[in-house]
Amino acid sequence: MWLYFCAFTIFLVVLHLFLNYNARARMIKKLPGPKDDFIVGNAFRIICDPVELMKLGRTFAKKWNGIYRIWVYPFSAVVIYNPEDIEVVMSSMKYGEKSLVYKILQPWLQDGLLLSNGTKWQERRKILTPAFHFNILRQFCVIIEENTHRLIDQLQKAAGQPIDVVPILSEFTLNSICETAMGTQLNEHSTAKTYKKAIYDLGNIFYHRFIKIYLYPEFIFNATSLARKQNKAVKTVQSFTEKVIRKRREYVKEHGFDMFNQNVDDDEVYVYKKKKKTAMLDLLLSAEQEGLIDKTGVQEEVDTFMFEGHDTTASGLTFLFMLLANHPEIQDKVVNELNDIFGDSKRWACMDDLPKMKYLDRCIKESLRMYPPVHFISRKLNDETILSNHSIPAGTLCHIPMYDLHHREDLFPNPEVFDPDRFLPENSEGRHAYAYIPFSAGPRNCIGQKFAMLEMKIAAAAVLREFELKLVTKQSDIVFLADLVLRNNGPVQVKFVKRNL
Ligand code: HEM
């Protein structure tokens, strides 16, 4: 008996030494980080419920100074929130490869822009960049206005009552991106309900897999009922986008591309003539005709835009509305600015109005600082890299928590205070270029950031012209949940009271 016990103890000790004192472990453990447990390293610290996981990230960020490490054999991760280190990683394509955290999105997004690497990424980025040209955004402006008015009709029905804005804004941004990316209105399709449900199901599945790292290996995940649910949802989503793409391909074959024949200098063309608005998809289809992208590629990009383009802006608008309801004096300033632009007119906003909304712009920026919808991103360091004077071994995952970066007291004094004037030019002077990065930075930054700012501005301006936003959910009520985008663990409620302008 004793012999077995001694042999087992020796086995555990050898296993511990093997897992935790190999060359990579020794190197990574020179960095500050949580205390390691016997054999499992930090595994038990980070496997916890989604609320605790978010709290843990904040606790760690406060405890260490801009850099710390996590070690769970065979994974090492370095977490960086010093702008200087972030610049090293983000400014170069050398560190452009996404880490294994993103693998969970692969079945849906495949090799779309968010996940692809190398020349494939470069080529796709080149094809898609013109989709966000000023003149194309002008077309999107009209689509977003139309959807904003549907949103206002919905808010009107519950005016004066506390409303959970999360599902309403999610519906609004999903409809907007669907119409801009694919030129199709979801309510025009009999299968749209199933499509929407499948998108929400996928969001839920990713979230469950994201917080349970033991589900990352494919062979474990594939044996779960979650994988079967995911396969079903992916099939539904892809067959919907496939159908829309096929229909548009047929249309283009017969009629050519509308978007290349439009008079793009005139706002009124878009506002009143309601031309076909399919710029993103048409761009992809024209690249397909030129042999620059294949059928699968078109589908991957449409799916990627659908994913990246709705939850992110919904989260951004949710926290913006919550903050404005919490700060009536700031809300009044926005409304005064809107009154200066529109006076008594009920006309819709157009592209030329947007640069005039300077204060609203600062409010959105400050809201994205305090509540960055994409609160962390992750890369794989393929070479040994120096960060904060530490040598980080090749193969280490590099997490960048934008939330913690944006809440550094030395970069943003009183970081919990909603102060849009931080973004006045004179107050931004001297701020490190990588201190504020809600849309990431460098070559792999968000391709949709102009679109996102436009969407949030149009929606916020239209809603604020119509309603006064009244406090229900307080800033102090917010409890974050670990997820791909920043979320509250519960509803975010606001009261919309009709304005008498
Ligand atoms: C407030 C809204 C948004 C925020 C905060 C946001 C943020 C980000 C961030 C942080 C990244 C970098 C991801 C990474 O490195 O892993 C990213 C990438 C990306 N975003 Fe956005 N995004 C927003 C809206 C949008 C919209 C509306 C679209 C599409 C219309 C979009 C499309 C993309 C795509 C395709 C990428 C991958 C770009 C590449 O790797 O080349 N995003 N976004």
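Just so it is clear, the model here is predicted, and its values are computed rather than measured. (Residues numbered from 1 in each chain as written. Predicted model: local features only at pLDDT ≥ 70, side-chain atom pairs only at ≥ 80, totals over all residues. Heavy atoms only, no water.)

Student: Break down the site of the ligand for me, with residues and values.
Tutor: Around the ligand, a shell composed of 30 residues is seen, among which Tyr-102, Trp-121, Arg-125, Arg-379 and Cys-446 lie nearest. Trp-121 places a side-chain nitrogen or oxygen 2.7 Å from an oxygen atom of the ligand. The contact in question runs from an oxygen atom of the ligand to an N or O atom on the side chain of Arg-125, over 2.7 Å. For the shell around the ligand, the secondary-structure elements that each account for two or more residues are α7 (118–128), α15 (295–308), α16 (311–326), β4 (376–380) and α21 (449–466). (Near = heavy atom within 4 Å. Polar contact = N/O pair within 3.5 Å; in protein donor to acceptor, adjacent residues only side chain to side chain. Helix = DSSP H or I, 4+ residues; strand = E, 2+ residues; numbered from the N terminus.)

Student: Tell me about the side chain of Arg-444, and please be specific about residues and values.
Tutor: Its location among the elements puts Arg-444 in the loop between α20 (425–428) and α21. Among buried Asp, Glu, Lys and Arg side chains, Arg-444 stands out as unpaired, with Glu-97 the closest opposite charge at 8.5 Å. In this structure the side chain of Arg-444 is engaged in a polar contact, spanning 2.7 Å, whose partner is the backbone oxygen of Ser-116. Here the side chain of Arg-444 touches Asn-117 through a polar contact of 3.2 Å, side chain to side chain. Here Arg-444 is in contact with Met-93, Gly-96, Lys-98, Leu-113, Leu-114, Leu-115, Ser-116, Asn-117, Trp-121, Arg-125 and Arg-379, once residues within four sequence places are set aside. (Buried < 20%, exposed > 50% of the residue type's maximum accessible area, 1.4 Å probe, protein only. Lys, Arg positive; Asp, Glu negative; His and termini not counted. Salt bridge = Lys/Arg side-chain N within 4 Å of Asp/Glu carboxyl O. Contact = heavy atoms within 4.5 Å.)

Student: Before we move on, could you go through the packing of aromatic side chains and cite the residues and values that matter?
Tutor: Under the definition given, this model contains 22 aromatic pairs. Arranged with centres 5.5 Å apart and planes meeting at 75 degrees, the rings of Phe-60 and Tyr-68 form a pair that is edge-to-face. Residue Phe-60 is classed as buried on the basis of its relative accessible area, which comes to 5%. Overall, Tyr-68 belongs to the buried group, its relative accessible area being 5%. Between Trp-108 and Phe-206, the ring centres sit 6.3 Å apart and the planes meet at 20 degrees, which makes this aromatic pair stacked. Residue Trp-108 is found in helix α6 (residues 106–109), and its partner Phe-206 is found in helix α10 (residues 192–211); the two are separated by 98 residues along the sequence. Exposure remark for Trp-108: the relative accessible area of 1% places this residue in the buried category. (Phe/Tyr/Trp six-rings, centres within 6.5 Å; stacked < 30°, edge-to-face > 60°.)

Student: Quick rundown of the pattern of salt bridges? Include the residues and the values.
Tutor: All chains considered together, the criterion is met by 24 salt bridges. Across the pair Arg-69 and Asp-36 runs a salt bridge, and its minimum N-O distance is 3.2 Å. Of this pair, Arg-69 sits in strand β1 (residues 67–72) while Asp-36 sits in the loop between α2 (23–28) and α3 (43–46), and the two are 33 residues apart along the sequence. Residue class for Arg-69 comes out buried when judged on its relative accessible area of 5%. In this structure, Arg-408 and Asp-410 form a salt bridge, with 2.7 Å as the shortest nitrogen-oxygen distance. Among the charged side chains, a salt-bridge network with shared partners connects Lys-29, Asp-36 and Arg-69.

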